[in-house]
Amino acid sequence: MLINGKKRCAQCMNILNNDEMVCKCGANNATLANDMHCLQIGTVLDDTYVVGRVIGEGGFGITYVGWDKNIDIKVAIKEFYLNGFSSRYSEDSSEITASAGEGEELFERNRDKFINEAKILASLSDEPGIVSVYKFFRENNTAYIAMEFVEGVTLKEKLKAAGTFSVDETIGIIGPVMNSLAKIHKQNLIHRDISPDNIMITADGRGKLIDFGAAREANEGNKSLSVVLKHGYAPMEQYQTRGNQGPWTDVYALAATMYKCITGIIPPEASDRVMSDGFVPMHQIRPECNVAVSHVITKALSIKIQERYQTVGEFKDALLLALNTGEFYENKTVADTTGKTPENKTVADTASKTPENKTELKTERKKSTKLILVIAASLAGVAVILLLFLSLLGNKKN
């Protein structure tokens, strides 16, 4: 497709020679096309963004690679398309038609939420742990978000090649995501779909959270939240239509992602763990793993909401404490029994210092043994002195 006088590949947006149809990325631009319900290649939105190939599709939208023809940069374009309640009947029209009746009301309500969530993300565009939003707008009876196109590989792809990461490597990747996610939560927005395939690895090795297509406001009360699931990464509340979802929902998914990074294994599905919990702590799979960190991850993966860290901040603080001191505090979280959002209250119930490895444990045992020997020797010395004193006293009497 021709953009600003240059022929570009609709799949990767690289420049092609005039007579070239097959790009180095492998795409044959002579036959490349999007499905009929999607925007067609070459469509221009907001008189700025040229649409390329579809790169992702979910229950709430379609994502395209695109090109900003005003400033000549590659972008990602997210189109609100409510699966099952939206349709595009012709390749000649970009207009979306919502289902009649209740479907139309549902479409419009969720489209408004899509725009509101885009506003929140746009206000946090400087955050290094999430994708930057450039612009959001309405067109074709729907809504769009133009955002940063993150070059690189997903965490899922990197894990496939590496197998596992160390605890330090994992926290180096997930740390920026945690920092940015904490700020998103303060805006009452939750992601609900965190997993290795929604985290991109940037050139400097840090993680960047993408695809907020499943994001929803955390303050919707008891209203029905659509069920979005990634088995092994989704907590129990996401299996329930009216589940009590909040920041703690993303905490579970973050912990599941870290567990996968460190062990190479996806945690058991939450629904299976309810009846028979086959979850195995990280340090039992990788003995060299910091035991305190393993306990923190296990707590973050608790089935019951009230036993989990309630905020990303709490989770991060516990991880840092475990890493820096080898300590793990089993905090009991005070949950609001009314079913509303739990308050961020914790009761430090039990504290235990966890040795990071067997060597440290042996060292502590040796210290204890030496102390016992010193005490025993001291007592023996006192006994000898006492016996001598009594012997002298007896001689005087005689």
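Here's a quick rundown of the structure.

### Overview of the sheet that holds strand β9 (residues 133-139)
Next up, step 1: Sheet architecture is open: six strands sit in the order β3-β4-β5-β6-β10-β9, paired in antiparallel fashion. Two strands in the sheet have a free side with no partner beyond their single neighbour: β3 (44-45) and β9.
Next up, step 2: As judged from the two bridges shared by β3 and strand β4 (residues 49-57), these two strands associate in the antiparallel manner. Bridged to valine 44 within β4 is valine 50.

### Observations regarding the pattern of salt bridges
Next up, step 1: A full pass over the atoms with the stated rule returns 14 salt bridges.
Next up, step 2: Note that lysine 230 and aspartate 193 form a salt bridge whose closest N and O atoms lie 2.9 Å from each other. Of this pair, lysine 230 sits in the loop between β15 (216-217) and α4 (247-263) while aspartate 193 sits in the loop between β12 (189-190) and β13 (199-201); the two residues are 37 residues apart in sequence, bridging distant segments of the chain.
Next up, step 3: For lysine 230, a relative accessible area of 24% gives the class partly exposed.
Next up, step 4: Among the residues examined, aspartate 193 registers a relative accessible area of 11% and is labelled buried.
Next up, step 5: With a shortest N-O distance of 3.9 Å, aspartate 204 and arginine 206 are connected by a salt bridge.
Next up, step 6: A relative accessible area of 45% places arginine 206 in the partly exposed class.

### Topic: the packing of aromatic side chains
Next up, step 1: Enumeration over the complete set of coordinates arrives at six aromatic pairs.
Next up, step 2: Relative to tyrosine 144, the ring of phenylalanine 137 has its centre 5.5 Å away and its plane inclined at 25 degrees; by these criteria the two rings are stacked. For the residue pair phenylalanine 137 and tyrosine 144, the accessibility class agrees, reading buried in each case.
Next up, step 3: On the numbers, 5.1 Å between centres and 40 degrees between planes, the contact of tyrosine 259 with phenylalanine 279 is tilted. Note that tyrosine 259 is positioned in helix α4 and phenylalanine 279 in the loop between α5 (270-275) and α6 (282-285), a separation of 20 residues in sequence.
Next up, step 4: Relative accessible area serves as the criterion here: at 13%, phenylalanine 279 is assigned to the buried category.
Next up, step 5: Aromatic rings pair up to connect Tyr49, Phe137 and Tyr144 into one cluster.
Next up, step 6: If you follow arginine 8 out to its NZ or CZ, it ends over the ring of tryptophan 67, 3.7 Å from the centre.
Next up, step 7: The ring of tyrosine 309 has lysine 299 sitting right over it, with the charged end atom 5.1 Å from the ring centre.

Reading the values: rules and limits
Residues numbered from 1 in each chain as written. Predicted model: local features only at pLDDT ≥ 70, side-chain atom pairs only at ≥ 80, totals over all residues. Heavy atoms only, no water. Pairing = 2+ DSSP bridges. Helix = DSSP H or I, 4+ residues; strand = E, 2+ residues; numbered from the N terminus. Salt bridge = Lys/Arg side-chain N within 4 Å of Asp/Glu carboxyl O. Buried < 20%, exposed > 50% of the residue type's maximum accessible area, 1.4 Å probe, protein only. Phe/Tyr/Trp six-rings, centres within 6.5 Å; stacked < 30°, edge-to-face > 60°. Lys NZ or Arg CZ within 6 Å of the ring centre and 35° of its normal.

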